[in-house]
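Each chain is listed here by its residues.
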Amino acid sequence: MIMRKFIRSFQFAAHGFILAFKRERNMKIHTFFAVAVILFGFYFHISAIEWTILLLTIGGMISAELMNTAIERTVDLVEEKYHPVAKQAKDIAASACLVYAVVSILIGCIVFLPKIPFLNGN
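How each quantity is defined
- Residues numbered from 1 in each chain as written.
- Predicted model: local features only at pLDDT ≥ 70, side-chain atom pairs only at ≥ 80, totals over all residues.
- Heavy atoms only, no water.
- Salt bridge = Lys/Arg side-chain N within 4 Å of Asp/Glu carboxyl O.
- Helix = DSSP H or I, 4+ residues; strand = E, 2+ residues; numbered from the N terminus.
- Buried < 20%, exposed > 50% of the residue type's maximum accessible area, 1.4 Å probe, protein only.
- Axes fitted to C-alpha atoms, helices over the stretch in contact; angles between N-to-C directions.
- Parallel < 35°, antiparallel > 145°, perpendicular 65-115°, else oblique.
- Left-handed = near helix turned anticlockwise from the far one by under 90°.
- Nonpolar A, V, L, I, M, F, W, Y, C, P; charged D, E, K, R; others polar.
- Expected span 1.5 Å × (residues − 1).
- Arc of directions from axis to C-beta.
- UniProt positions renumbered as here; feature names shortened; annotations may be inferred.
- Contact = heavy atoms within 4.5 Å.
- Polar contact = N/O pair within 3.5 Å; in protein donor to acceptor, adjacent residues only side chain to side chain.

S.K.: For this particular structure, what's the right way to read the pattern of salt bridges?
M.R.: A side chain of one charge can pair with a side chain of the opposite charge when the charged atoms of the two come close. The final tally for this structure, using the stated rule, is four salt bridges. Asp-76 is the salt-bridge partner of Lys-90, the closest N and O atoms lying 2.7 Å from each other. Of this pair, Lys-90 sits in helix α4 (residues 84–112) while Asp-76 sits in helix α3 (residues 48–78); the two residues are 14 residues apart in sequence, bridging distant segments of the chain. Residue classification places Lys-90 among the partly exposed positions, given a relative accessible area of 24%. On the basis of relative accessible area, Asp-76 is assigned to the partly exposed category, the value being 39%.

Given below as C-alpha cells:
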C-alpha cells in the first residue's frame, strides 16, 4: 500500500510535467535548451563539476518554470476577472523565471565559451 502511494506520487508529478510541457510555450523552450546544453556537454567533454553545475541550473530552471505555471494557474482559478494584485502575483512569478533564465545563460557562457576553439585563440 505504501509503495503504491509512493509510485502514484511519481505518476502525478510526471503528469504535471507533461501537462506543463504540452500547454506552456516557455516550458518547451526551456526543455529544448536543456537538451541542447546536455548535448553540448557531451560534445565538449565537460568535467564532473561542470556537469553538476549545469544539471543544477537546468533543474532549477525547469522547477522555476513549473512553479510559475502553478502560480499562474492558481491565480486564474481564484480570480477570474482582472485584478491588479493577481497581475502582480503572476508578473512577480514570471520575473523569477526571467532572473533564473538570465543567470542560466551566464552559467552556460562561463562553462562553454572557453571550450569553443575560435573564441579562445585555438
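S.K.: Even after reading the chapter, I still don't get the packing of α3 against α4, so can you show me in this structure?
M.R.: If you want to describe how two helices pack, look at the angle between their axes and the distance between the axes. Closest axis-to-axis distance for the α3/α4 pair is 9 Å, and the angle between their directions is 165 degrees. With respect to their mutual orientation, α3 and α4 come out roughly antiparallel. When the axes of α3 and α4 are compared, the crossing they make is left-handed. When its residues are assigned to classes, the contact of α3 with α4 shows 17 nonpolar, four polar and five charged.

S.K.: Sorry, what's going on with helix α2 (residues 25–43) here?
M.R.: Along an α-helix, residues three or four positions apart point the same way, because every turn accommodates 3.6 residues. Helix length check: α2, at 19 residues, gives a terminal C-alpha distance of 27 Å against a target of 27 Å (1.5 Å per residue), a fit within 8%. When we look at burial in α2, the residues that qualify are Met-27, His-30, Thr-31, Ala-34 and Gly-41. The buried residues of α2 occupy an angular sector of 100 degrees when the element is viewed end-on, so they sit on one face. With respect to the buried face of α2, the exposed residues turned more than 90 degrees away are Arg-25, Phe-32, Phe-33, Leu-39 and Tyr-43.

S.K.: Can you walk me through the UniProt feature "active site" (unreviewed entry) in the protein chain in this structure?
M.R.: UniProt's feature table lists "active site" (unreviewed entry) at Glu-65, given in the numbering used throughout. On the secondary structure map, Glu-65 appears in helix α3. Among the residues examined, Glu-65 registers a relative accessible area of 2% and is labelled buried. With sequence-adjacent residues up to four places away left out, Glu-65 is seen in contact with Asn-26, Met-27, His-30 and Cys-97. At 3.2 Å, the side chain of Glu-65 forms a polar contact with the side chain of His-30.

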